[in-house]
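Structural overview
For reference, the chains in residue letters:
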Amino acid sequence: MLAEAVATVPALLAAPVAGLLGHRAVRRVRGARLLRIDTPNGIDEQGFVRIGGIEQWISIRGEDTSNPVLVEIHGGPGASHSIFGTRTRSWEKHFTVVRWDMRGAGKTFGRSGPRGQGEMSFSRLYEDALDVTRYARLRLAVDRVVLVASSLGSVFGLRLARSHPELYSAYVGTDQNILDAGRDTSVHEALLARLHAAGRHKDAAAARETGGDPHRMTADQRASYDKLTVASDPLTLDTLKRVVLGSLWFSPLHSLREIGRYFAGMKFSARLTPDLAAFDDRADGTRFAVPFFVFQGDRDVITPPERARSFFDEVQAPVKEFALIEDASHFASFRHPDRFLDLMLTRVRPLVAHRAAA
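The notes below deal with the structure included here. All of these numbers come straight from a predicted model, not from anything done at the bench.

About the criteria used
Residues numbered from 1 in each chain as written. Predicted model: local features only at pLDDT ≥ 70, side-chain atom pairs only at ≥ 80, totals over all residues. Heavy atoms only, no water. Helix = DSSP H or I, 4+ residues; strand = E, 2+ residues; numbered from the N terminus. Rg over C-alpha atoms; globule rule 2.2 N^0.38 Å. Buried < 20%, exposed > 50% of the residue type's maximum accessible area, 1.4 Å probe, protein only. Contact = heavy atoms within 4.5 Å. Areas by Shrake-Rupley, 256 points an atom, 1.4 Å probe, with all protein chains shown as cover. Lys, Arg positive; Asp, Glu negative; His and termini not counted. Charge placed at Lys NZ, Arg CZ, Asp CG, Glu CD. Axes fitted to C-alpha atoms, helices over the stretch in contact; angles between N-to-C directions. Parallel < 35°, antiparallel > 145°, perpendicular 65-115°, else oblique. Left-handed = near helix turned anticlockwise from the far one by under 90°. Nonpolar A, V, L, I, M, F, W, Y, C, P; charged D, E, K, R; others polar. Salt bridge = Lys/Arg side-chain N within 4 Å of Asp/Glu carboxyl O. Phe/Tyr/Trp six-rings, centres within 6.5 Å; stacked < 30°, edge-to-face > 60°. Lys NZ or Arg CZ within 6 Å of the ring centre and 35° of its normal. Core = buried A, V, L, I, M, F, W, Y, C linked by side-chain atoms within 4.5 Å. Expected span 1.5 Å × (residues − 1). Bend = angle between axes of the 7 residues up to and from the residue.

As for the overall build of the protein
For the protein, the helix and strand inventory stands at 14 helices and eight strands. Taken over C-alpha atoms, the radius of gyration comes to 20 Å for the protein, in line with the 21 Å a tight globule of 358 residues would show. In terms of principal-axis extent, the alpha carbons of the protein reach across some 60 × 55 × 40 Å. Out of the 358 residues in the protein, the part that is buried amounts to 55%. Contacts in the protein between residues at least 24 apart in sequence constitute 76% of all its contacts with a sequence separation of at least 6. Here the protein displays about 15000 Å² of accessible surface, and carbon together with sulfur accounts for 53% of that area. The centroid of the 48 positive side-chain charges in the protein is displaced by 5 Å from the centroid of its 42 negative side-chain charges.

Let's talk about the packing of helix α6 (residues 186-197) against helix α7 (residues 201-210)
Where α6 meets α7, the axes come as close as 8 Å, and the angle between the chain directions of the two elements is 165°. As the angle between them shows, α6 and α7 are arranged roughly antiparallel. In this structure, α6 meets α7 at a crossing whose hand is left-handed. Contact residues: His188, Leu191, Leu192, Leu195 and His196 in α6; His201, Asp203, Ala204, Ala207 and Arg208 in α7. Grouping the amino acids of the contact of α6 with α7 by side-chain chemistry returns five nonpolar, three polar and two charged.

Digging into the pattern of salt bridges
Close approach of charged atoms allows side chains with opposite charge to pair. Enumeration according to the criterion identifies 23 salt bridges in this entry. The partner of arginine 61 in a salt bridge is aspartate 44, with the nearest N and O atoms 3.1 Å apart. Here aspartate 44 lies in strand β1 (residues 43-51) and arginine 61 lies in strand β2 (residues 54-62), a separation of 17 residues in the sequence. Residue arginine 242 is joined to aspartate 238 by a salt bridge in which the shortest nitrogen-to-oxygen separation is 3.1 Å. Of the two residues, arginine 242 and aspartate 238 both sit in helix α9 (residues 234-250), four residues apart, roughly one turn of that helix. Judged by relative accessible area, aspartate 238 falls into the partly exposed class, the value being 28%. Where salt bridges share partners, they join Asp44, Arg61, Glu63, Arg89 and Glu92 into one cluster.

Points about the packing of aromatic side chains
In the structure shown here, the tally under the stated rule is 14 aromatic pairs. Ring geometry for phenylalanine 288 against phenylalanine 292: centres 4.7 Å apart, planes inclined by 45°, an arrangement best described as tilted. For the pair phenylalanine 288 and phenylalanine 292, one class covers both residues: buried. When the ring of phenylalanine 292 is compared with that of phenylalanine 312, the centres are 6.3 Å apart and the planes differ by 35°; the resulting orientation is tilted. Of this pair, phenylalanine 292 sits in strand β7 (residues 292-297) while phenylalanine 312 sits in helix α12 (residues 305-314), and the two are 20 residues apart along the sequence. For the residue pair phenylalanine 292 and phenylalanine 312, the accessibility class agrees, reading buried in each case. Taken together, the ring pairs in this structure connect Phe84, Trp91, Phe293, Phe295, Phe334 and Phe340 into an aromatic cluster. Directly above the aromatic system of phenylalanine 250 lies the positively charged group of arginine 27, at a separation of 4.0 Å from the ring centroid. A cation over a ring is seen here: lysine 320 above phenylalanine 312, with NZ or CZ 4.7 Å from the ring centre.

Observations concerning the nonpolar core
One recurring pattern in soluble globular proteins is that nonpolar side chains are buried together. Ile58, Ile73, Val98, Phe156, Leu160, Tyr171 and Phe292 are the most contacted members of the largest nonpolar core, which has 49 residues in total. The element contributing the most residues to this core is helix α4 (residues 122-140), with eight residues. Apart from the residues lying within four places of it in its own chain, the contact partners of isoleucine 73 are His81, Trp100, Met102, Ala129, Leu147, Val148, Ala149, Ser150, Gly153, Phe156 and Leu160. Ranked by size, the runner-up nonpolar core spans 42 residues in total, among them Val146, Trp249, Phe293 and Phe334.

Topic: α9
One full turn of an α-helix is made of 3.6 residues, so residues set three or four places apart face in the same direction. The first and last C-alpha atoms of α9 sit 23 Å apart over 17 residues, in line with the 24 Å expected at 1.5 Å per residue. For α9, the principal kink sits at leucine 240 and spans about 30°. With 13 of 17 residues buried, α9 lies mostly within the body of the structure.

Some points on the environment of histidine 23
Checked against the element boundaries, histidine 23 lands in helix α2 (residues 17-35). Residue classification places histidine 23 among the partly exposed positions, given a relative accessible area of 42%. Sequence separation between histidine 23 and phenylalanine 250 is 227 residues, and the spatial gap between their C-alpha atoms is 9.0 Å.

Brief notes about the packing of α4 against helix α5 (residues 152-163)
It is the contact of α4 with α5, at a shortest axis distance of 11 Å, that shows an interaxial angle of 55°. Here α4 is positioned oblique relative to α5, judged by the angle of their axes. Considering how the two elements wind past one another, α4 and α5 form a crossing that is right-handed. Across from Phe122, Leu125, Tyr126, Ala129 and Leu130 in α4, the residues of α5 making contact are Val155, Phe156, Arg159, Leu160 and Ser163. Across the contact of α4 with α5, the residue classes tally to eight nonpolar, one polar and one charged.

Listed below in structure tokens is the structure:
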């Protein structure tokens, strides 16, 4: 989904180097200042933890360790959330945020490169996610954490929340991905309609040839298809460039070398995608023993709100709520982090606090 961003990097670097790097340096200093946590009960830990046999990067940040703990599962594949620290700084006033770069992603990939990632499979990353959850619970001395899963991460998230209610106080899906073994072709049909409307008939023909069927796509074909999807929607493309690429470029946590490694990790992690073609979320079950929330961009063309809502309507959970984030496509929580935080504070946090006190 970030392939278009890769194509944008050379254009950025073609600008006058001194001015470009100078502006970046100023923004990174400003970002580092924003990220400082100096409250008495605060926590700011970032480093490598041995998870699943390799060193994996984990960040734990918050202004008060008595706040609810939020564990994120990022998407991609390979699209680490560590780049969004300055955009989501306000979250850390109300939650202790645990971010993890999966094997094959971000700083974890940069630590030991492609040969040091070990097994790259859904089942291996799923076990890693469980180990990260257990690590966060132990380090912060809490029984349960709020699980926030985005995009591809929500494929893990549904299965984690369904199978391990003893670990999670609530499930929050955003950019919620619903897999159905390829039965629903609405995303594909909408892509063809956008391409034809824009006069991009050659691209439409290329997309039509795959049929939008994940069973027929190689990892490279999937990457090309995702690039077409992103580029065909102005809001998604704008979000990708300004929010995602902009966050990476100005991140105080990422050197120029790490920016290159970020994209290398995404390319490396693309091998995970074909394994998901046969996944079927409804067949796996719609009964959850934890409160279940979905906060979705109202104009998401990658994981459309209609598909997420349809699945949500079938979910059985102690409490469930669905909300749209307006003027948002994919990456809704990062395009509008304050709106996402408001939903977390008004819908999720009161419930979590009540359950913790019970």
